[in-house]
Amino acid sequence: MLRMATDEEREQVKQISPISDDAMVFADDLGNIAAINKVVEIEPIVKGSGKKGFAEFVASLELLLAQTSIPEYYFSVAADNEQFLIAAEKWGADKVFEAPVYRCVRRLVKDG
């Protein structure tokens, strides 16, 4: 039966992936645990054709988020885009996962 996770189970999840303080963490008596995070993401970030201006564009987005009390955001970097990953880390971004992962969506309500 689904129930709220214990503090120990929350800590177990944190060892696998970061979760926000307000995440809803659920568990059952079979050892299954899941965290439902409310996160802000900027997805996609599309770089224009110009050689300049991208960093300023991202900085403006970050300023907007900070001014609205959003402390962090998530974004994706293609596993084969080493140049973007290096730039993101120089900006202060942290990799959430070390190995490449597939990002999936499951639509619970279908249109029409």
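Since we're looking at a predicted model, the values are computed, not measured. (Residues numbered from 1 in each chain as written. Predicted model: local features only at pLDDT ≥ 70, side-chain atom pairs only at ≥ 80, totals over all residues. Heavy atoms only, no water.)

Visitor: I tried to follow the sheet that holds strand E1 (residues 3-4) on my own but got confused; where do I start?
Guide: Within a beta sheet, neighbouring strands are joined by backbone hydrogen bonds and run either parallel or antiparallel to one another. Across the sheet, which stays open at both edges, the 3 strands sit in the order E1-E2-E3 with antiparallel pairing between neighbours. The open sheet has two edge strands with one neighbour each: E1 and strand E3 (33-36). In this structure, E1 lies alongside strand E2 (residues 24-27), joined through 2 bridges in antiparallel fashion. In the strand pairing of E2, Arg3 is matched with Ala27. Sitting on the sheet, helix H1 (residues 7-16) is in contact with E1, E2 and E3, with an inclination near 75° to E3. (Pairing = 2+ DSSP bridges. Helix = DSSP H or I, 4+ residues; strand = E, 2+ residues; numbered from the N terminus. Contact = heavy atoms within 4.5 Å. Axes fitted to C-alpha atoms, helices over the stretch in contact; angles between N-to-C directions.)

Visitor: Could you clarify how one ought to interpret the packing of aromatic side chains in this entry?
Guide: What characterises a pair of aromatic rings is the spacing of the ring centres plus the angle enclosed by the ring planes. As enumerated under the stated definition, the model contains 5 aromatic pairs in all. Between Phe54 and Phe84 the ring centres are 6.3 Å apart and the planes differ by 65°, which places this aromatic pair in the edge-to-face class. Here the residue Phe54 occupies a position in helix H2 (residues 54-67), and Phe84 occupies one in helix H3 (residues 82-90), the gap between them amounting to 30 residues. Phe84 carries the same exposure label as Phe54, and that label is buried. Geometrically, the ring pair formed by Phe54 and Trp91 is tilted, given 6.1 Å between the ring centres and 40° between the ring planes. One end of the pair, Phe54, is in helix H2; the other, Trp91, is in the segment after H3, with 37 residues separating them in the sequence. A network of ring pairs unites the aromatic residues Phe54, Tyr73, Phe75, Phe84 and Trp91 as a single cluster. (Phe/Tyr/Trp six-rings, centres within 6.5 Å; stacked < 30°, edge-to-face > 60°. Buried < 20%, exposed > 50% of the residue type's maximum accessible area, 1.4 Å probe, protein only.)

Visitor: Any chance you could explain H1 here in plain terms?
Guide: Each α-helix turn comprises 3.6 residues. Residues three or four places apart therefore point the same way. Three or more residues of H1 are buried, namely Glu9, Arg10 and Val13. Summarising the axial view, the buried residues of H1 lie within an arc of 105°, below the 170-degree limit, and thus occupy one face. The outward face of H1, more than 90 degrees from its buried face, is lined by the exposed residues Asp7, Glu8 and Gln15. The inward-facing, buried residues of H1 abut E1, E2 and E3. (Arc of directions from axis to C-beta.)

Visitor: Mind showing me how you'd approach the side chain of Arg10 here?
Guide: In this fold, Arg10 is placed in helix H1. Of the side chains with opposite charge, Asp7 lies nearest to the buried Arg10, which makes no salt bridge, at 5.6 Å. In this structure the side chain of Arg10 is engaged in a polar contact, spanning 3.4 Å, whose partner is the backbone oxygen of Asp21. Polar side-chain contacts of Arg10 include one of 3.0 Å to the backbone oxygen of Ala23. Each residue touching Arg10, except ones within four places of it in the same chain, is listed here: Ala5, Ile19, Ser20, Asp21, Ala23 and Val25. (Lys, Arg positive; Asp, Glu negative; His and termini not counted. Salt bridge = Lys/Arg side-chain N within 4 Å of Asp/Glu carboxyl O. Polar contact = N/O pair within 3.5 Å; in protein donor to acceptor, adjacent residues only side chain to side chain.)

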